[in-house]
Amino acid sequence: MTNGSVKEWCPSVKSSSEQDTEMVSAVVSILKSLGELRSVKGRTPNRKFKEKKLHCELNLPFWSMCEHHLLPFYGVVHIGYYCAEGYNHKSLMKSIVHFYGFKLQVQERMTRQIAEK
């Protein structure tokens, strides 16, 4: 998969200087409706997007054993998660996928367990 096709659906490929005005207006709307909009010029809601960034880990391989058929199944996992700038959790994501794939499993449960972790 080339970087051009990832850019179409993965927000983490955007440059950090890019501002998503729709997201900012959505956050403003939510904060206003909750009565929590304390507008300090340039901080709210823009700081929400500077603190965390969506990261995508693509093509993390897994191998597991189907609990119903006792046959192996394998594939790749794509994970999107929010994380503070500067942190890389790729090894953690690989460990989580490996941990849940190591057990007798069904694909649907494995997906839910990885998402909840």
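Bear in mind that the values here come from a model prediction, so they are computed numbers and not experimental data.

*Asks:* Describe unusual backbone geometry, and please don't skip the residues or the numbers.
*Replies:* The backbone of Asn59 sits at a positive phi, close to 60 degrees, despite the residue not being glycine. Considering the arrangement of structural elements, one finds Asn59 in strand β1 (residues 52-66). Positive phi is not limited to glycine here, since Leu70 has a value of about 55 degrees. Positionally, Leu70 belongs in the loop between β1 and β2 (72-84).

*Asks:* Give me the packing of aromatic side chains: which residues, what numbers.
*Replies:* Aromatic ring pairs are defined here through the distance separating the ring centres and the angle between the ring planes. Using the criterion set out here, one finds two aromatic pairs in the structure. Plain terms: the ring middles of Phe62 and Phe73 are 5.9 Å apart, the flat faces sit at 70 degrees to each other, and that makes the pair edge-to-face. A residue pair is termed long-range when its members are at least 10 positions apart, and Phe62 in strand β1 and Phe73 in strand β2 qualify at 11 residues. The exposure classification of Phe62 matches that of Phe73, with both residues buried. Considering the side-chain rings of Phe99 and Tyr100, the 5.0 Å spacing of their centres and the 80 degrees angle between planes classify their relative orientation as edge-to-face. Residue classification places Tyr100 among the buried positions, given a relative accessible area of 13%.

*Asks:* Account for helix α5 (residues 107-116), with residues named and values stated.
*Replies:* All of the buried residues along α5 are Met110, Gln113 and Ile114. All buried residues of α5 lie within an arc of 95 degrees about the axis, which places them on one face of the element. What points out from α5, more than 90 degrees from its buried face, is the exposed set Glu108, Ala115 and Glu116.

Analysis parameters
The residue count restarts for each chain, going from 1 along the sequence in the order it is written. Predicted model: local features are reported for residues with pLDDT of at least 70 only, side-chain atom pairs are reported and counted for 80 or more only, and whole-chain, interface and lining totals are derived from all residues. The basis for every side-chain value is the complete set of heavy atoms in the structure, and neither hydrogens nor water enter the calculation. In DSSP terms, a helix is any run of H or I states spanning at least four residues, a strand is any run of E spanning at least two, and both are numbered starting from the N terminus. Two aromatic rings from Phe, Tyr or Trp, using only the six-membered ring of Trp, form a pair when their centres are within 6.5 Å; if the ring planes differ by under 30 degrees the pair is stacked, by over 60 it is edge-to-face, and anything between is tilted. Throughout this description, buried means an accessible area under 20% of the type-specific maximum (1.4 Å probe, protein chains only), exposed means over 50%, and partly exposed covers the range between. Arc definition: it is the arc formed by the directions from the helix axis to the C-beta atoms.

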